[in-house]
Amino acid sequence: MAGERPAQAVILAGGQGTRLRPLTLARAKPVVPLLNRPFLAFQLALLREHGVTDVILACSYRVDDVRAALGDASQLGVRLRYVVEKEPLGTGGGVKNAADLVAGTVFVLNGDILTDADLTAMRQFHEARGSRTTIFLQPVPDPRQYGLVETDTSGRLRRFREKPAADAEITSNTINAGIYLIDAPLLGRIPSERPSSIEREFFPALIADGIPCFGWCPTAYWRDIGNPAAYSAAQMDLLEGRARMPLQPPGECREGSWIGGGGSVAADARLVPPSVVGARVELHRRCQVGPGAVIGDGSKIGPEARVEGAVLWERVEVGEGAVLRECVIGADVKIGAYARLGPGIVLESGAVIPERTTLTR
Ligand code: GTP
């Protein structure tokens, strides 16, 4: 830890989140709801657990969403400050924009990673190796769609290889997990006048210049929530205990589900755990919610409707007898009676689905 100062982190939160469209047309990816909390609340809680309480958010796209959802985050026990790019500066320029506010060794995180990794152990590894930049590495079964990171037997970084085309180029199964520890003075190397990439420019240049950089490969839960399938799966992982929750969903936990206040549940409605039901939600007669349902605040689940393994944002209205399975529904969506929505369906906020419509993929 850097002397008397609280440990610091910069979170990259300025991307457009194109892979998570259409959800990110209505809300910035770093604050899409995860179990009815803004996504970054989970990262901030993890950082807090590891003594990191001074956090700078590097923002650009839809910064007002991020501010509205997180404010100064004092209720999460951290101090949150915002730096905002006039034009998107990429992952390199975003961090550089925050460089004046940090000193010592600083965590840098992509704002779309859900993990329960032991960040204290990462810092200890960084110090023990005399590393100046440490990258959290994650083994994946098929690394083809990612950038590979090669290390030597001591863990020192040797090479980055972007999206290998041929199988012969797959020389490692570890990928850059999007969480770093960087000695702040190195950030001076990032140009401030133009967009740049931390992964494609900054890290390879450190290696080329012989600066000691290491890969840290923990055994931990890790997921990039950047596409709808992963965003949905992350919530099921938390609900089903595959990922440790650094933060509970809002509401009171009863028989394996969380229920917010101010709503109404019909006597014959079934809430099947594990599920999360927000505040002011109405569950009408004989509906079934769960297992694995996440219902946003102010939503209404009509009579005899079923919602399973599905994520609903705020104020969604589900008509009588409608069936929603393993889909993601944006805010203020209206789903007509007896509609059927199948796995993988993603609805933009404000969508209206007529009665008896069937949507499958
Ligand atoms: P896709 O468009 O779906 O790839 O998502 P993205 O825009 O978030 O890009 P990507 O997943 O590659 O970004 C990794 C992290 O960097 C995310 O947390 C982004 O929010 C962040 N990021 C990407 N571009 C910028 C930028 O120009 N400025 C800032 N401050 N952050 C960025």
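Quick summary incoming for the structure in this document.

Conventions we followed
Residues numbered from 1 in each chain as written. Predicted model: local features only at pLDDT ≥ 70, side-chain atom pairs only at ≥ 80, totals over all residues. Heavy atoms only, no water. Salt bridge = Lys/Arg side-chain N within 4 Å of Asp/Glu carboxyl O. Helix = DSSP H or I, 4+ residues; strand = E, 2+ residues; numbered from the N terminus. Buried < 20%, exposed > 50% of the residue type's maximum accessible area, 1.4 Å probe, protein only. Polar contact = N/O pair within 3.5 Å; in protein donor to acceptor, adjacent residues only side chain to side chain. Pairing = 2+ DSSP bridges. Contact = heavy atoms within 4.5 Å. Near = heavy atom within 4 Å. Areas by Shrake-Rupley, 256 points an atom, 1.4 Å probe, with all protein chains shown as cover. Nonpolar A, V, L, I, M, F, W, Y, C, P; charged D, E, K, R; others polar.

## What about the pattern of salt bridges?
Two side chains of opposite charge can pair, provided their charged atoms sit close to one another.
Consideration 1: Summed over the entire model, instances satisfying the criterion amount to 22 salt bridges.
Consideration 2: Salt bridges linked by common partners bring Arg19, Lys29, Asp112 and Asp224 together as one network.

## Focus on the side chain of Asn176
Consideration 1: With respect to the helices, strands and loops of the structure, Asn176 is situated in strand β11 (residues 174–183).
Consideration 2: A relative accessible area of 18% means that Asn176 is categorised as buried.
Consideration 3: A distance of 2.8 Å separates a polar atom in the side chain of Asn176 from the backbone nitrogen of Gly178.
Consideration 4: There is a polar contact of 3.2 Å between the side chain of Asn176 and the side chain of Tyr180.

## What about the sheet that holds strand β24 (residues 311–312)?
Consideration 1: The strand order across the open sheet built from 7 strands is β14-β15-β18-β21-β24-β27-β30, with neighbouring strands paired in mixed fashion. What marks the edges here is a single partner per strand, and that holds for β14 (252–254) and β30 (346–347).
Consideration 2: Relative to strand β27 (residues 328–329), β24 runs parallel, the two being bridged by 2 bridges. Paired with Leu312 across the two strands is Ile329, which belongs to β27.

## So, the pairing of strand β12 (residues 213–216)
Sheet faces and side chains relate simply in a regular strand, where the side chains alternate between the two faces.
Consideration 1: Side chains Cys213 and Gly215 of β12 all project onto a buried face; the interleaved residues Phe214 and Trp216 project onto the opposite face, where all are buried too.
Consideration 2: Inspection of the sheet shows strand β8 (residues 133–139) paired to β12 by 4 bridges, in the parallel sense. Residue pairing for β12: Ile135 is matched across the bridge by Gly215.

## Some words on the side chain of Thr24
Consideration 1: Within the secondary structure, Thr24 is located in helix α1 (residues 23–26).
Consideration 2: The exposure class assigned to Thr24 is buried, which follows from its relative accessible area of 0%.
Consideration 3: At 2.7 Å, the side chain of Thr24 and the backbone oxygen of Gly17 are in polar contact.
Consideration 4: Setting aside residues up to four positions removed in sequence, Thr24 forms contacts with Gln16, Gly17, Lys29, Tyr61 and Arg62.

## Things to note about the site of the ligand
Consideration 1: In the vicinity of the ligand, 19 residues are found, and the nearest of them are Leu12, Thr18, Glu85, Gly90 and Gly111.
Consideration 2: Look at the ligand: alone it shows 610 Å² of surface, and the protein chains cover 82% of it.
Consideration 3: Looking at the shell around the ligand residue by residue, the classes come out as 5 nonpolar, 10 polar and 4 charged.

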